[in-house]
Amino acid sequence: MGSPRQTVSYLTARFRESGLEPDHKLGQNFLIDLNLLHYLADAADVGPQDVVLEVGTGSGSLTALLAERAGHVVTVELDQRLYELAQEILGERENVTMLRQDVLKNKNRVAENVLEEIRTRMAAIPDARFKLAANLPYVIATPLMSNLLRREPVPYSMTVTIQKELAERIAAQPSTKDYSGLTVWMQALCEVEILKTMGPGVFWPRPKVDSAIIQIRPLPEKRARIPDTEFFHHLARALFFHRRKFLRSVLISAFKGMLEKEHVDEAIAELGYDANARAEELPVEELLRMTETFRRKVLAVRGNADWPL
């Protein structure tokens, strides 16, 4: 069975037959431009060695398109009604696993059974790669992409439709309003490219914002230069809680309970930072250097670099 043509007429007819309406709280905006659906699948470059995670099964149209190319697709849908609707299209496909649940255990963790399903499917495919390819619900895009980088298996690539504002934040440069802890975390570990931007008219129902297709490629060589990714993740977030404050003040707050003020001042002096420096001005490479300086300082003072929860 081929991928159904996910058009407005197709979706409205299916929803009418099933007595359904899109749930705006769950971010249900369906990509109805068929060219863009194929563009997303093509950009993900899915092949027989790939185990693909799709989040937001929806009507199953993109799922079916991915399944025609992938070794296996693990697709996750929270809405019971849509899950049942998609089963009619996907239920007989041997290389599709459908999960009816939230992909996130909480805002800081991907559900373990989802990761375990991906590992199981990868074990059955020689030289398997894990890819995320999805028209992501806006509400889960940030925690999903960010936290997939913190657990095994790390995706080979993430090719997703997200809110344009979020895509610009991930791809931002220093000293801009969009530069953030998420920017630093993503760019420190990955190559980031905004492939295409889209107006609301390519979705049904229309969202109130523009969207973008972004591709994020985690690079092993980038990860290898970070001795402790969890320490870096915590510090990257902490640095931008109060982005306009001077760096010294932010660092003292970030390391409260871990370092005394004199320890922070010693590390700042070692780094050669100006007293008026701000985190938002520092490029990713410099923030990596700063993280390692402070990690070593914490190790010297406390004997471990575990961040207090």
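Conventions and cut-offs
- Residues numbered from 1 in each chain as written.
- Predicted model: local features only at pLDDT ≥ 70, side-chain atom pairs only at ≥ 80, totals over all residues.
- Heavy atoms only, no water.
- Helix = DSSP H or I, 4+ residues; strand = E, 2+ residues; numbered from the N terminus.
- Rg over C-alpha atoms; globule rule 2.2 N^0.38 Å.
- Buried < 20%, exposed > 50% of the residue type's maximum accessible area, 1.4 Å probe, protein only.
- Contact = heavy atoms within 4.5 Å.
- Lys, Arg positive; Asp, Glu negative; His and termini not counted.
- Charge placed at Lys NZ, Arg CZ, Asp CG, Glu CD.
- Core = buried A, V, L, I, M, F, W, Y, C linked by side-chain atoms within 4.5 Å.
- Pairing = 2+ DSSP bridges.
- Axes fitted to C-alpha atoms, helices over the stretch in contact; angles between N-to-C directions.
- 1 Å grid on protein atoms, 1.4 Å probe; cavity = no way out; pocket = protein on both sides within 12 Å on 5 of 7 lines; lining within 4 Å.
- Points joined across faces, edges and corners; volume = space filled by probe spheres on them.
- Nonpolar A, V, L, I, M, F, W, Y, C, P; charged D, E, K, R; others polar.
- Phe/Tyr/Trp six-rings, centres within 6.5 Å; stacked < 30°, edge-to-face > 60°.
- Lys NZ or Arg CZ within 6 Å of the ring centre and 35° of its normal.

Engineer: How should I be thinking about the overall build of the chain in this particular structure?
Structural biologist: Counting its secondary structure elements, the chain contains 13 helices and 11 strands. Its C-alpha radius of gyration of 21 Å places the chain within 12% of the 19 Å reference for a compact globule of 309 residues. Oriented by its inertia axes, the alpha-carbon framework of the chain measures out at about 70 × 40 × 30 Å. By the burial criterion, 55% of the 309 residues in the chain qualify as buried. Across the chain, every contact between residues at least 6 apart in sequence was considered, and the portion connecting residues at least 24 apart equals 70%. One finds the centroid of the 40 positive side-chain charges in the chain at a distance of 4 Å from the centroid of its 42 negative side-chain charges.

Engineer: Would you mind showing me how to read the environment of K261 here?
Structural biologist: Inspection of the secondary structure puts K261 in helix α12 (residues 261–271). When the C-alpha atoms of K261 and R248 are compared, they prove to be 9.1 Å apart, with 13 residues separating the residues in sequence. In this structure K261 touches R248 and I252, once residues within four positions along its chain are discounted.

Engineer: Explain the nonpolar core to me, please; I cannot follow it from the model alone.
Structural biologist: For soluble globular proteins, nonpolar side chains are generally found buried alongside one another. The biggest cluster of nonpolar side chains holds 75 residues, and the ones touching the most others in it are M145 and F255. Setting aside chain neighbours within four positions, we find F255 in contact with F231, L235, F294, V298 and W307.

Engineer: Explain the sheet that holds strand β3 (residues 72–77) to me, please; I cannot follow it from the model alone.
Structural biologist: Two modes of strand pairing occur in sheets, parallel and antiparallel, and in both the strands are linked by backbone hydrogen bonds. Strand order in the open sheet made by the seven strands is β4-β3-β2-β7-β8-β11-β9, with mixed pairing throughout. A strand with exactly one partner marks an edge of an open sheet, and here the two such strands are β4 (96–100) and β9 (190–198). Across this sheet, the average inter-strand angle for adjacent strands is 20°, counted without regard to direction. This element, helix α4 (residues 80–90), spans β3 and β4 of the sheet and lies at about 165° to β4.

Engineer: I tried to follow the layout of surface pockets on my own but got confused; where do I start?
Structural biologist: It is a probe the size of a water molecule, rolled over the atoms, that shows where empty space is left. What the largest pocket holds in volume is close to 450 Å³. Around the largest pocket, the lining is made up of 33 residues, and of these V55, G56, E77, N135 and P137 lie nearest the centre. Those elements that provide at least two residues to the lining of the largest pocket are β1 (30–31), β2 (50–55), α3 (61–67), β3 and α6 (138–148). Here the lining of the largest pocket takes three residues from α6, the largest share from any one element. Its residues placed into classes, the lining of the largest pocket shows 16 nonpolar, 13 polar and four charged.

Engineer: Even after reading the chapter, I still don't get the packing of aromatic side chains, so can you show me in this structure?
Structural biologist: Each aromatic ring pair is summarised here by two numbers: the centre-to-centre distance and the angle between the ring planes. Here the structure, examined in full by the defined rule, presents seven aromatic pairs. Ring geometry for Y179 against F240: centres 5.8 Å apart, planes inclined by 80°, an arrangement best described as edge-to-face. Remark: F240 occurs in the loop between α10 (229–239) and α11 (247–254) and Y179 occurs in the loop between α7 (164–170) and α8 (181–189); sequence separation between them is 61 residues. Residue Y179 is classed as buried on the basis of its relative accessible area, which comes to 1%. An aromatic cluster of at least three residues, connected via ring pairs, comprises F231, F255, F294 and W307. One cation-aromatic arrangement involves R129 over Y156; the distance from NZ or CZ to the ring centre is 4.6 Å. Across the ring face of Y39, the terminal group of K196 is positioned such that the distance to the ring centre comes to 4.7 Å.

Engineer: Teacher, can you tell me more about unusual backbone geometry here?
Structural biologist: Cis geometry marks the peptide bond from E152 to P153; its omega dihedral reads 0°. That bond from W204 to P205 is cis: its omega, -15°, falls within 30 degrees of zero. Along the chain, P205 turns up in the loop between β10 (203–204) and β11 (211–218). Residue D127 is not a glycine yet carries a positive backbone phi of 55°. Its place among the elements puts D127 in the loop between α5 (112–123) and β7 (129–135). The class of D127 is exposed, set by a relative accessible area of 68%. Positive phi outside glycine occurs at S175, with the angle close to 65°. Inspection of the secondary structure assignment puts S175 in the loop between α7 and α8.

Engineer: When you look at the environment of M122 in this model, what are you seeing that I'm missing?
Structural biologist: Checked against the element boundaries, M122 lands in helix α5. By relative accessible area, which is 17% here, M122 ends up buried. Beyond its immediate chain neighbours, meaning those up to four positions away, M122 contacts V51, A128, R129, F130 and P153.

Read these as layout, nothing more, since geometry by itself doesn't imply function.
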